[in-house]
Amino acid sequence: MTGPGSVAQRAYPEEFLSGKLTQVDVAGIERELRQLWQSAESAEPDSQRPAVSRACALNLILYSTDDDAETTAGNLLDEISVSHPCRALLAISRRSQGASLEAWVSARCHLPVPGAIKQICCEQITVRWQGEGVQELPSVVLPLLVSDLPVFLWWRAASFDRAAMSPFLPAVDRLVIDSARWSTPWSGLRDVAACLAERGGLPRLSDLSWTRLTAWREAIASAFDSAGTGLSVEDLGQIASVEVSYDDKAQSQVVLLTAWLSSRLGWRPVFVEYTTDGGIQLTFARRKRKIEVTWSPHPAAQPGPGSLRALLFRFSTGKQMTVQLEGLDSKRVLAIRSTAARPQVLSPQAPAGEKLIAPAPESSEPRLLNRELDILGFDSVFEEAVTVAAEIAELYELE
């Protein structure tokens, strides 16, 4: 590893401001970063490189164990920093027999508007630990946080690892997880619920799988508050069954959506069993009524966390409603159909007024994260849904 200051002294402003990683001495990251900024800000701007203006509104720690984290996570931070200028700290942990700790710095710059004379720049610090556990990673990353600014920890890992996460949490205002990335979302959500039950065990919490469900939850809620569907709030108490079709990679989403329905409508999970076609059927109880929820997974056509495909609600009154992900004019939408709807009422724009159109769910990871960076408060609805998800997980593991 190079000595203090030696790399920063050799770095040119163009390399630093272009986003190229510049290796620095771990013991003097702040000092070397300050030298790089001084060099960049004192350089005369030209037609190829406008003047520089630094910006920082928050701290974002992105924790990753991925083999390609330097590239993949770096690209995500590049896009996120456009909407949320921040000090981005990419904390990489990889298992290795030998122990090593290395660090790099780079600037993330963009023009706020085309033709602007100043580019807005924020900074990224990459710290990579190779060895067992997280070891020295938190002790290097946490002192680099900018004081008096909110701290977000994006736990972009394959599991909810409480032991690895704990050293970071005292400094964190909001923790962002993504249960879609977990190899076992059942046990992960149960662990999250256990931590939430401690109340002091976690900071304010978000799950990108929950954020992916925002459009679905809004579409379902609006269907019972729209004259066009022929349904009303009273019909919620008459739901007899729900069938959920989804990409097989979207298991955490279907668990959270079911848990949301259960927590909002007072359903109590009582039984879980496999269906003959490889799906799962859950039985809920509310007073003396029984509600059946069936999960039907399908092979995902594309890589990634997948998505819900369709929901079919059946009511004890004989009515039915579907909420389905469809393509319309080269874009995706959620189409709501109801057998209780009067003709030509649902949507004047739709053919024959047969459906109500709602915005499609967001799938872009940077855009999902950008939504969470605007939130600092607790999400009590999410936390209640996680509690029910843990109860479903208990039944699932007993099956």
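Throughout what follows, the structure given in this document is the object of discussion. Predicted, not measured: the structure shown is a model, and the values here were computed from it. (Residues numbered from 1 in each chain as written. Predicted model: local features only at pLDDT ≥ 70, side-chain atom pairs only at ≥ 80, totals over all residues. Heavy atoms only, no water.)

1. Points about helix α7 (residues 185-198)
Counted only if it meets this: Numbering of helices and strands starts at the N terminus; helices are DSSP runs of H or I of at least 4 residues and strands are runs of E of at least 2. The span one expects for a helix is its residue count, reduced by one, times 1.5 Å. When a residue's accessible area, from a 1.4 Å probe over protein chains only, is under 20% of the maximum for its type it is buried; when over 50% it is exposed; and in between it is partly exposed.
Here α7 contains 14 residues, and its C-alpha end-to-end distance of 20 Å stays within 8% of the 20 Å for a straight helix at 1.5 Å per residue. Among the residues of α7, Pro-185, Trp-186, Gly-188, Leu-189, Val-192, Ala-193, Cys-195 and Leu-196 are the ones counted as buried.

2. Side note on the packing of helix α4 (residues 69-83) against helix α11 (residues 365-372)
As a reminder of what qualifies: What counts as an axis is a line fitted to C-alpha atoms, over the stretch in contact for a helix, and the angles between N-to-C directions run from 0 to 180 degrees. For classification, angles of less than 35 degrees are called roughly parallel, those exceeding 145 degrees roughly antiparallel, those between 65 and 115 degrees roughly perpendicular, and all remaining angles oblique. Each crossing gets its hand from how the near helix is turned against the far one by less than a right angle, where anticlockwise is left-handed and clockwise is right-handed. Contacts were defined at the residue level, with two residues in contact if any of their heavy atoms lie within 4.5 Å. For this classification, Asp, Glu, Lys and Arg are treated as charged, while Ala, Val, Leu, Ile, Met, Phe, Trp, Tyr, Cys and Pro are nonpolar and the rest, including Gly, are polar.
The contact between α4 and α11 brings their axes to 9 Å, and the two run at 45°. Between α4 and α11, the angle is such that the two are oblique. Helix-helix and strand crossings are classified by hand; for α4 and α11 the assignment is right-handed. Contacts between α4 and α11 involve Leu-76, Glu-79, Ile-80 and Ser-83 from the first element and Glu-365, Pro-366, Leu-369 and Asn-370 from the second. Split by residue class, the contact of α4 with α11 holds four nonpolar, two polar and two charged.

3. Side note on the sheet that holds strand β12 (residues 280-286)
Which entries qualify depends on this criterion: In short, DSSP must find at least two bridges between two strands for them to pair.
Overall, mixed pairing links the eight strands, which are arranged β11-β12-β13-β10-β14-β15-β16-β17 in an open sheet. Here the strands that pair on one side only, and so sit at the sheet edges, are β11 (268-274) and β17 (356-359). Neighbour-to-neighbour, the strand axes of this sheet turn through a mean angle of 20°, independent of strand direction. Bridge count for strand β10 (residues 239-247) against strand β14 (residues 308-315) is seven bridges, and the pairing is antiparallel. Its bridge partner lying in β14, Glu-243 is registered against Leu-312.

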